[in-house]
Amino acid sequence: MATGLRRAELLGLRWSDVDLPGRALFVRQTLQWTDRGLEFVPPKTHRSSRPVPLSALAVRALESQRARQAKERLAAGEVWSDLGLVFASTIGTAMEPRNVNRRFEQLRAAAGLDWLHLHDLRHAFATFLLDQGEELRTVMELLGHSMIRMTADTYGHVLPARGSSGCLGHR
């Protein structure tokens, strides 16, 4: 929700792709099912390979994830597979995407948010940005869309909030 990344992009994210002091991350690979099984592959388009600025909230969440993962690494000992992934299993291996969905479904049910889907967090990210006045092109770039039309078609319902001034929100 704090980055707008796709599930496959999050699962492919390595610590070497994260610059916490610089408050940015770089989408360089994704985790996808292929004919050969679960693999790290390049993002699907050249625009999908992109830098993503990190909010203070995202930086804190990543710092917390790093600390949690350090504890898991210690607990796993020699079993740990050091793939350098930000979001890894408790033994350092790539996470099965369906397991991520299952865990999200458990959390949302416990929170009473049965209507919420994992991909809705990406939509919320884009909608919040547009509602706060961010330019459509910037949102397109942050989401890694290949064409502005895709972003406009998906999030056009937020754009009428601009009013007659042609600017989103009232800063």
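Above this text is the structure in question.
Rules used in this analysis
Residues numbered from 1 in each chain as written. Predicted model: local features only at pLDDT ≥ 70, side-chain atom pairs only at ≥ 80, totals over all residues. Heavy atoms only, no water. Helix = DSSP H or I, 4+ residues; strand = E, 2+ residues; numbered from the N terminus. Contact = heavy atoms within 4.5 Å. Polar contact = N/O pair within 3.5 Å; in protein donor to acceptor, adjacent residues only side chain to side chain. Axes fitted to C-alpha atoms, helices over the stretch in contact; angles between N-to-C directions. Parallel < 35°, antiparallel > 145°, perpendicular 65-115°, else oblique. Left-handed = near helix turned anticlockwise from the far one by under 90°. Nonpolar A, V, L, I, M, F, W, Y, C, P; charged D, E, K, R; others polar. Pairing = 2+ DSSP bridges. Core = buried A, V, L, I, M, F, W, Y, C linked by side-chain atoms within 4.5 Å. Buried < 20%, exposed > 50% of the residue type's maximum accessible area, 1.4 Å probe, protein only. Expected span 1.5 Å × (residues − 1). Arc of directions from axis to C-beta.

Draft legend 1. Here's a closer look at the environment of tyrosine 155. By secondary structure assignment, the location of tyrosine 155 is in helix H6 (residues 148-155). For the pair tyrosine 155 and alanine 126, spaced 29 residues apart in sequence, the C-alpha separation works out to 7.6 Å. Beyond its immediate sequence surroundings of up to four residues, tyrosine 155 is in contact with Arg122, His123, Ala126, Thr127, Leu130, Leu143 and His145. Of the polar contacts made by the side chain of tyrosine 155, one reaches the side chain of histidine 123; its length is 2.6 Å.

Draft legend 2. Quick peek at the packing of helix H4 (residues 120-131) against helix H5 (residues 136-143). Put simply, H4 and H5 touch, their axes get as near as 10 Å, and they point 155° apart. On the basis of their axis angle, the class for H4 and H5 is roughly antiparallel. Handedness of the crossing formed by H4 with H5: right-handed. Each of Arg122, Phe125, Ala126, Leu129 and Leu130 in H4 lies in contact with H5, whose residues at this interface are Leu136, Val139, Leu142 and Leu143. Of the residues that constitute the contact of H4 with H5, the class distribution is eight nonpolar, no polar and one charged.

Draft legend 3. Main features of the pairing of strand E2 (residues 24-27). As judged from the two bridges shared by strand E1 (residues 18-19) and E2, these two strands associate in the antiparallel manner. Across the sheet, residue aspartate 19 finds its bridge partner in E2, namely alanine 24. Note: E2 against strand E5 (residues 50-53), four bridges, orientation antiparallel. Across the sheet, the residue bridging to phenylalanine 26 is proline 51, located in E5.

Draft legend 4. Layout of the sheet that holds E1. Taken together, the three strands give an open sheet; going across it, the order is E1-E2-E5, and neighbouring strands pair in antiparallel fashion. A single partner strand is all that each edge strand has here, and the edge strands are E1 and E5.

Draft legend 5. Representation of the nonpolar core. Judged by nonpolar contacts, the single largest core of 13 residues is most densely connected at Val18, Leu20, Leu25, Leu54, Leu62 and Val86. Contributions of two or more residues to this core are made by E2 and helix H2 (56-76). Of all the elements, H2 adds the most residues to this core, at three residues. Setting aside residues up to four positions removed in sequence, leucine 25 forms contacts with Thr3, Leu5, Leu13, Asp17, Val18, Arg50, Pro51, Val52 and Leu54. By size, the runner-up hydrophobic cluster in this structure holds nine residues, among which are Ala126, Leu130, Leu136 and Tyr155.

Draft legend 6. Helix H3 (residues 97-110), seen in detail. A rise of 1.5 Å per residue sets the reference length of H3, with its 14 residues, at 20 Å; its end C-alpha atoms lie 20 Å apart and thus fit the reference within 8%. Those residues of H3 not exposed but buried are Pro97, Val100, Phe104 and Arg108. Projection of H3 onto a plane perpendicular to its axis shows the buried side chains occupying an angular sector of 65°, all on one side. The elements touched by buried residues of H3 are helix H1 (7-12), strand E3 (30-34), strand E4 (37-41) and H4. The opening residue of H3 is glutamate 96, an N-cap whose side-chain oxygen sits 2.6 Å from the backbone nitrogen of arginine 98. Immediately beyond the C-terminal end of H3, within one or two residues, lies glycine 112, with a positive phi of roughly 75°.

Draft legend 7. Region of interest: the side chain of glutamine 65. When you line up the elements, glutamine 65 lands in helix H2. Under the relative-accessibility criterion, glutamine 65 is labelled buried at 9%. Setting aside residues up to four positions removed in sequence, glutamine 65 forms contacts with Trp15, Val86 and Phe87.

Scope: geometric values only; no functional claims are made or implied.
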